Amino acid sequence: MFVGVGASRVRDLFKQAKEKSPCIIFIDEIDAIGRARGKNPNMGANDERENTLNQLLSEMDGFDTNSGVIILAATNRVDILDKALLRAGRFDRQIHVELPDLKEREEIFKVHLKPLKKIDTDLNPEFLAKQTPGFSGADIANAVNEAALIAARKDKSKVERQDFLDAIDRIIGGLEKRNKIISPAEKKTIAYHEAGHATVSWLLEHANPLVKVTIVPRGQALGAAWYLPEERQITTTEQMMDELSSLMGGRAAEEIVFNKVSTGALNDLERATKKAYAMVTYFGMSSEVGNVSYYDSTGRNEYSFTKPFSEETAVLIDKETKKIVDNAYQTALKILRENKEGHHKLAKRLLEKEVIFTDDLVEIFGERKGAQVDFKGVEEQVVDGNGNSSEDGNLDSESKEKID
Ligand code: ZN
């Protein structure tokens, strides 16, 4: 791994590689030196970095196919790389590594479970893979390690299933803080807020299926509704709107029940606003702005200090974004008003049990119309890992939210 070295070290690297051929050169985080060279004089250029990059480019040109040296590089930001790097003869093959799917996660679990000395015999890697959509390989390694620590802390002789589930919960939601001081009034607000999310998402067909709702503080969040995101590649307008309404469900519940709102919805509002902006400016989902997208996938817009649209369009975008969020809020209010009884029941149950699962929602509202999490009763339970939790707290917390 090398970062920020000068041209002479690049020369030296290639010299050594040729001497030691056959060999592989691996450059991690190549965007550190491979960032697109600036064309705009106003922005100022980074001479040292550009010299390094130029040297790398010319060294790579000097290779023939049978020199026995293979060059590999890794980056998360292929969009900002200099085009010259990706030209034929240099890095001419790109391998896109996506987050692992179900089958792949199972295989990764098997790798990381191997070093654990004593694991419960009924532990099934497939089961663990199902609990961890959206996890990367590193997350899985972390979960396994965390599970071993939890088991050790409890003086267990082997790592059990529950330890893994606790570890997964911790990675998604942060550490459970049962002794955080919360006044009864606050607790009530949190319960109604979370029950609001749960009620709205349960009754909207296209929202993500709910897994559990909790009012036990975790990390920065005071409460959370956990969803299992579907492993889908495209999202429709209906799905986005329903998810937005679910996000607004917390604040809507506070307004209806207490007739006042709190700062607890900060994270919800932030996410909702970003989502709505994306709908208008990226996905062409607003009728007024139309089918235009201001998304720049190349990431090398030299003139990024100016917006690619006029002042009038900017006003329109703001208006449309507000309209989308307002609509979602109205939907949430409507659902909560129409299902007042169920919402109250749910909140009371939350105050009593602190954590509730899909079963409770089925009992109160009946079966869900949309997708459901396959849930096998409280006995077998705590089937609740997921890659997507909606968190509420006064501070913005880093949730495992993906662009959805
Ligand atoms: Zn919320």
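Worth saying up front: this structure is predicted, and the values here are computed from it rather than measured. (Residues numbered from 1 in each chain as written. Predicted model: local features only at pLDDT ≥ 70, side-chain atom pairs only at ≥ 80, totals over all residues. Heavy atoms only, no water.)

Participant: What's the story with the nonpolar core in this structure? I'm lost.
Facilitator: Soluble globular proteins: nonpolar side chains tend toward being buried together. Core analysis: the biggest nonpolar cluster contains 25 residues, and Val 200, Leu 244, Met 248, Ala 252 and Ile 324 have the highest contact counts within it. The set of elements that each furnish at least two residues to this core consists of α9 (237-258), α10 (266-281) and α11 (311-338). For this core, the element with the highest residue contribution is α11, accounting for 10 residues. Ranked by size, the runner-up nonpolar core spans 22 residues in total, among them Leu 113, Ala 143, Ala 147 and Phe 164. (Core = buried A, V, L, I, M, F, W, Y, C linked by side-chain atoms within 4.5 Å. Buried < 20%, exposed > 50% of the residue type's maximum accessible area, 1.4 Å probe, protein only. Helix = DSSP H or I, 4+ residues; strand = E, 2+ residues; numbered from the N terminus.)

Participant: How do you make sense of helix α7 (residues 161-173) when you look at a structure like this?
Facilitator: In an α-helix there are 3.6 residues to a turn, and that puts residues three or four apart on one side. Between its first and last C-alpha, α7 extends 18 Å over 13 residues, near the 18 Å set by a 1.5 Å rise per residue. For α7, the set of buried residues is Asp 163, Phe 164, Leu 165, Ala 167, Ile 168, Asp 169, Ile 171, Ile 172 and Gly 173. At the C-terminal side of α7, Gly 174 shows a positive phi close to 90 degrees. (Expected span 1.5 Å × (residues − 1).)

Participant: Would you explain the packing of aromatic side chains in this entry?
Facilitator: In this description, an aromatic ring pair is defined by two values, namely the gap between the centres and the angle between the planes. By the definition in use, this model includes 4 aromatic pairs. Relative to Phe 283, the ring of Tyr 282 lies with its centre 6.4 Å away and its plane at 85 degrees, an arrangement referred to as edge-to-face. Taken together, a centroid distance of 4.9 Å and an interplanar angle of 70 degrees make the contact between Tyr 282 and Tyr 295 edge-to-face. Of the two residues, Tyr 282 sits in the loop between α10 and α11 while Tyr 295 sits in the loop between α10 and α11, which places them 13 residues apart along the sequence. Assessed through its relative accessible area of 38%, Tyr 282 is described here as partly exposed. A network of ring pairs unites the aromatic residues Tyr 282, Phe 283 and Tyr 295 as a single cluster. If you follow Arg 161 out to its NZ or CZ, it ends over the ring of Phe 127, 4.2 Å from the centre. (Phe/Tyr/Trp six-rings, centres within 6.5 Å; stacked < 30°, edge-to-face > 60°. Lys NZ or Arg CZ within 6 Å of the ring centre and 35° of its normal.)

Participant: Explain the environment of Gln 55 here, please?
Facilitator: Tracing the chain through its elements places Gln 55 in helix α3 (residues 47-61). Look at Gln 55 and you get buried, because its relative accessible area is 15%. It is 5.6 Å that separates the C-alpha atoms of Gln 55 and Ala 7, two residues lying 48 residues apart in sequence. With near-sequence residues (within four places) excluded, Gln 55 lies in contact with Ala 7, Val 10 and Arg 11. Reaching out from Gln 55, the side chain makes a polar contact with the side chain of Arg 11 at a distance of 3.1 Å. (Contact = heavy atoms within 4.5 Å. Polar contact = N/O pair within 3.5 Å; in protein donor to acceptor, adjacent residues only side chain to side chain.)

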